[in-house]
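Examination of the molecular architecture
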Amino acid sequence: MSLNVGMPLSNVQSSGSSQNALEMNKICQWILELNHPDTRENALLELSKKREVVTDLAPMLWNSFGTIAALLQEIVSIYPAINPPHLTAHQSNRVCNALALLQCVASHQDTRSAFLQAHIPLWLYPFLHTGCKTRPFEYLRLTSLGVIGALVKTDEQEVINFLLTTEIIPLCLRIMETGSELSKTVATFILQKILLDETGLSYICQTYERFSHVAMILGKMVLQLSKEQSGRLLKHVVRCYLRLSDNPRAKEALRQCLPDQLKDTTFQNVLKDDTSTKRWLQQLFKNLEAPATSNNQQQPSLMIQPQQPRNL
Amino acid sequence: PVQQPVVTQTTQPCTPQFSYMDINLNTGVMPLITVNENLPLLIQFPQVKNVIKPFIQTAVNELLKPGVERSIKITLMTVEHIIKKDFALEGDETRMRSAAQQMTRNMTAGMALITCREPLLVSLVDKLKTTINTVLQKLPVVSAQYISTTQMKDMIEYAVNTISQDAIEACVAFIQKTAVEDALVEIDKRLASEYEIRKQARAEGRLHKDTNVLAYFHERMPEQIRIKTGSSQFNVVYEEFGRYIPGFSTTGMPSAPSVSSEMQQSTPLRITNFSGINTDELCSGFKR
C-alpha cells in the first residue's frame, strides 16, 4: 500500500527515444482498453503502475474518449457493496487502481480545474463516509483521501474554494477521530492545507460551532497520541494548532483549550529529533502568550461568545 | 412465542430484488412491500399490521425530496461536463443524448442508493418503533405496564428490525427511480443547446465540431487516443452504463433512448425475482 501524498511526479519525458515511443504506444493502448469491460481491469492495473513516470498521463486520461466515464463507472459499480458492507479485497484493489488514475488527474495542472468543475471528488465522499474497519474498506478510504490530498497539495485557491462548498471538513474530522494512523495523517494533512489558506482559516473560524468542532477533534487526537505516539501525525496536529492561532479569535479560544500534553513533557521523545515541529510548537506558545494586537481590535470578536470553549 | 431479537446486519452481498421496471412511481412503495405476517407481534396484535405499510410510505416520502435533490445535483454536474467533453466532436446529437441518458440513469441510481439507504433504514427502525408503541397503547387489552416488559420490548424490536430489513430495498429502489426519472428530464434540459447546435449544423450541411477541442488534440494528444471527427465513436463504455443500474436486477432494463424522443415508458412490465406481490395491482397502476 503506498501513500501518494507527498510524492513528486518524476519528470521522465514521455517522448524522445524509440524505447519511449514504444512505451507511449503501450500507454495509449491501455487507455483505449479502459473503455472495454473485458480489458479494463488489466489496463487499470498497468496504467496505475505508470502514473508517476508518464508526465502527461493526466491530460491523456482526461482528453481521451470515455476514459473518465469508465473510471466513474468503476466507482459507482461498487456502491452497492458499500452498504450493507461486503466489499471484497478484489473489488477494493480494482477501484483503488481507478482512484489512483483519478489522483493523477487531480494532481496535474492541466486537468485539475476540469476535474473540479465536473465535481468528481464528490463521487469519492461515500467512501470517506464508511466506518467499516476491514482492510478493503480501510484501503479504499485511504486511497480516496489520497486523491483529496493530491488536490490540496497543489496549494491552489480553486481547490480550497471547491472543497469549502462540500462536506470534506466533517468527513476529515471523523476520520481524524476514528481512522487508522495512516488515514488520520492524510485527513489531518488535508485539514492543515485548508487552514493554511486564508479563506479556509476564516471559514473554520467563522462560527463558534465550526471552530469548537475542529478544536475538540484536535484535542482528542492529542490525547490519543499521548498513548500511541506518532511523530508524523503529531506534526500535522501541531501545524493545525499553530495555524489556528493566526486567527485572533481562535487564538483567544486556544488559550483556554490547548491540551496540557502539548505543554508538558508528554511528547518529549517524539519531538527530540523533529526540529520543525518543535519550532512550530514554540511559535504556537509565543502566539498564545502575545496580547491582542491593535490589528485584532478592528475585528469585533465574533467567535468568542458568551460560552467559552469547554476544556478538553 | 418470543424470539431473540436479531442483529440487523447483513454481510452477504445481496442480489437485487427488483428490476427497474418493477418500480411504479404512481402507486408508491406500498404494493412492493410484503409484511411478514408470521411475526410474533403481528400474530398477537393483528391490529398493528394495518399501520405498517402507510407508515413506510410516509417515511419514504420524508426522505424523498432531499435524497433525490442531492443525487441529481451531483450527477447532472458530472454527466454534463463529461458528455460535453467526450462528444465535443460528435455531430450526431442522438448518439450524444443516448450516452448522456444512460450515464445519467446509472450514476443517479448509484448516488441515490448510497445516499439514502443508511438514513432511511435508521429512520424506518426509529419511527416504526414509536408508531407500533403508539398503536399498542391505544388497544384496550394492552396495559402500559405490559408494553414495557422485556418480553414485549424484544418482540417489538424483532418485528421492527425484520419489517425494516424486508422493506428497505423496495423503499430505496423507489427513491432511486424517482431520482433517475427526474434526472433524465433535467439532463435533456442541460444539454438542449448542445443538441440544437448539432441539428443546426446538419441543417446547414455542416458537421459540428468544437474547433478549440480539435486544436488541442492536434497539439497535445498522441494520435492513437485522439477523438476523431465525424467518425462513429466506439461507445462501449456508455453502453455499459446502460447494461445495468446499481441496486437493480438486470432483467427488465429500460431501453436506450436512441431514436425516439420520449423515454419508452410503455415497455411491458416484467415482474422478476419477486414473489408475494400482486401483479395485477402493479400492472394496472403502471399505465400512464
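Note that this is a predicted model, so its numbers are computed, not measured.

Right, let's get into the overall build of chain B. Across its full length, chain B holds 8 helices and 0 strands. Going residue by residue from the N terminus, the α and β elements of chain B occur as α-α-α-α-α-α-α-α. Relative to its full complement of 288 residues, chain B shows a buried share of 51%. Within chain B, contacts between residues separated by at least 24 positions form 82% of all contacts whose residues are at least 6 apart in sequence. When the accessible surface of chain B is totalled, it reaches about 13,500 Å², and 53% of it is carbon and sulfur.

A few words now on the overall build of chain A. Of regular secondary structure, chain A possesses 19 helices and 0 strands. Scored against the burial criterion, the 312 residues of chain A give a buried share of 55%. A sequence separation of at least 24 residues applies to 75% of the contacts in chain A between residues at least 6 apart.

Residue and element names in this part refer to chain A. Interhelical geometry of helix α10 (residues 168–178) versus helix α11 (residues 181–196) gives an angle of 145° and a closest axis separation of 8 Å. In this structure, α10 crosses over α11, and the sense of that crossing is left-handed. Every residue of α11 that contacts α10 at I168, I169, C172, L173, I175, M176, E177 and T178 is listed here: S183, K184, A187, T188, I190, L191 and I194. Tallied by class, the residues present in the contact of α10 with α11 amount to 10 nonpolar, 3 polar and 2 charged.

Of note, I225(B) is situated in the loop between α6 (211–220) and α7 (236–243). Note: C-alpha distance between I225(B) and P46(B) (179 residues apart in sequence) is 65 Å. Ignoring any residue separated from it by four or fewer positions in sequence, one finds I225(B) in contact with C28(A), I31(A), L32(A), M60(A) and S64(A).

This part is about helix α5 (residues 150–203) of chain B. In a regular helix each residue adds 1.5 Å, so 54 residues correspond to 80 Å; α5(B) covers 76 Å between its end C-alpha atoms and thus fits that length. The largest bend along α5(B) reaches roughly 55° and is located at L191(B).

To continue, consider the pattern of salt bridges. Taken as a whole and assessed by the stated rule, the structure comprises 32 salt bridges over all chains. A salt bridge links E167(A) to R70(B), with the nearest nitrogen and oxygen atoms 3.3 Å apart. Of this pair, E167(A) sits in the loop between α9 (157–164) and α10 while R70(B) sits in helix α2 (residues 49–86), on two different chains. Accessibility expressed as a relative area gives 30% for R70(B), which makes it partly exposed. A salt bridge links D260(A) to K263(A); the nearest nitrogen and oxygen atoms lie 3.6 Å apart. With D260(A) and K263(A) both in helix α16 (residues 260–263) and 3 residues apart, this pair spans about one turn of that helix. Sharing partners across several salt bridges, the network here consists of R40(A), E41(A), E74(A) and R94(A).

Turning our attention to the nonpolar core. Across soluble globular proteins, you tend to see nonpolar side chains buried next to one another. In this structure, L244(A), I56(B) and Y238(B) are the most contacted members of the largest nonpolar core, which totals 188 residues. Viewed by domain, this core spans two of them, domain 1 (1–126) and domain 2 (191–286) of chain A, each represented by three or more residues. Look past the residues within four positions of I56(B) in its chain and what remains in contact with it is V29(B), I33(B), L124(B), I163(B), A167(B) and C171(B).

What follows concerns the confidence of the model for chain A. Averaged over every residue, the pLDDT of chain A is 89; residues scoring 70 or more account for 88%. Confidence drops under a pLDDT of 50 for residues 1–15 of chain A, and excluding neighbours within four residues, the segment shows 34 contacts in the predicted structure.

Our focus in this paragraph is unusual backbone geometry. Residues and elements named next belong to chain A. The step from N83 to P84 runs through a cis peptide bond, and the omega angle for that step is 0°. At H119, a residue that is not glycine, the phi angle is positive and equals roughly 55°. With respect to the helices and strands, H119 occurs in the loop between α6 (112–117) and α7 (125–128). One non-glycine residue with positive phi stands out, namely D155, at about 55°.

Turning our eyes to something else, we now look at the packing of aromatic side chains. With the rule as written, the count across this model stands at 7 aromatic pairs over all chains. With centroids separated by 5.4 Å and ring planes inclined at 75°, the aromatic side chains of Y20(B) and F248(B) adopt a geometry described as edge-to-face. Of the two residues, Y20(B) sits in the segment before α1 (40–44) while F248(B) sits in the loop between α7 and α8 (279–286), which places them 228 residues apart along the sequence. Judged by its relative accessible area of 1%, Y20(B) falls in the buried class. Given a relative accessible area of 4%, F248(B) falls into the buried group. Feature note: the residues F65(A), F87(B), Y238(B) and F241(B) constitute an aromatic cluster, connected by ring pairs. We note R210(A) situated over the ring of Y203(A); from NZ or CZ to the ring centre the distance is 3.8 Å. We note R239(A) situated over the ring of W280(A); from NZ or CZ to the ring centre the distance is 5.2 Å.

So, how was this worked out
- Residues numbered from 1 in each chain as written.
- Chains lettered and ligands numbered in written order.
- Predicted model: local features only at pLDDT ≥ 70, side-chain atom pairs only at ≥ 80, totals over all residues.
- Heavy atoms only, no water.
- Helix = DSSP H or I, 4+ residues; strand = E, 2+ residues; numbered from the N terminus.
- Buried < 20%, exposed > 50% of the residue type's maximum accessible area, 1.4 Å probe, protein only.
- Contact = heavy atoms within 4.5 Å.
- Areas by Shrake-Rupley, 256 points an atom, 1.4 Å probe, with all protein chains shown as cover.
- Axes fitted to C-alpha atoms, helices over the stretch in contact; angles between N-to-C directions.
- Left-handed = near helix turned anticlockwise from the far one by under 90°.
- Nonpolar A, V, L, I, M, F, W, Y, C, P; charged D, E, K, R; others polar.
- Expected span 1.5 Å × (residues − 1).
- Bend = angle between axes of the 7 residues up to and from the residue.
- Salt bridge = Lys/Arg side-chain N within 4 Å of Asp/Glu carboxyl O.
- Core = buried A, V, L, I, M, F, W, Y, C linked by side-chain atoms within 4.5 Å.
- Domains from an automatic or database assignment.
- pLDDT = per-residue confidence, 0-100.
- Phe/Tyr/Trp six-rings, centres within 6.5 Å; stacked < 30°, edge-to-face > 60°.
- Lys NZ or Arg CZ within 6 Å of the ring centre and 35° of its normal.

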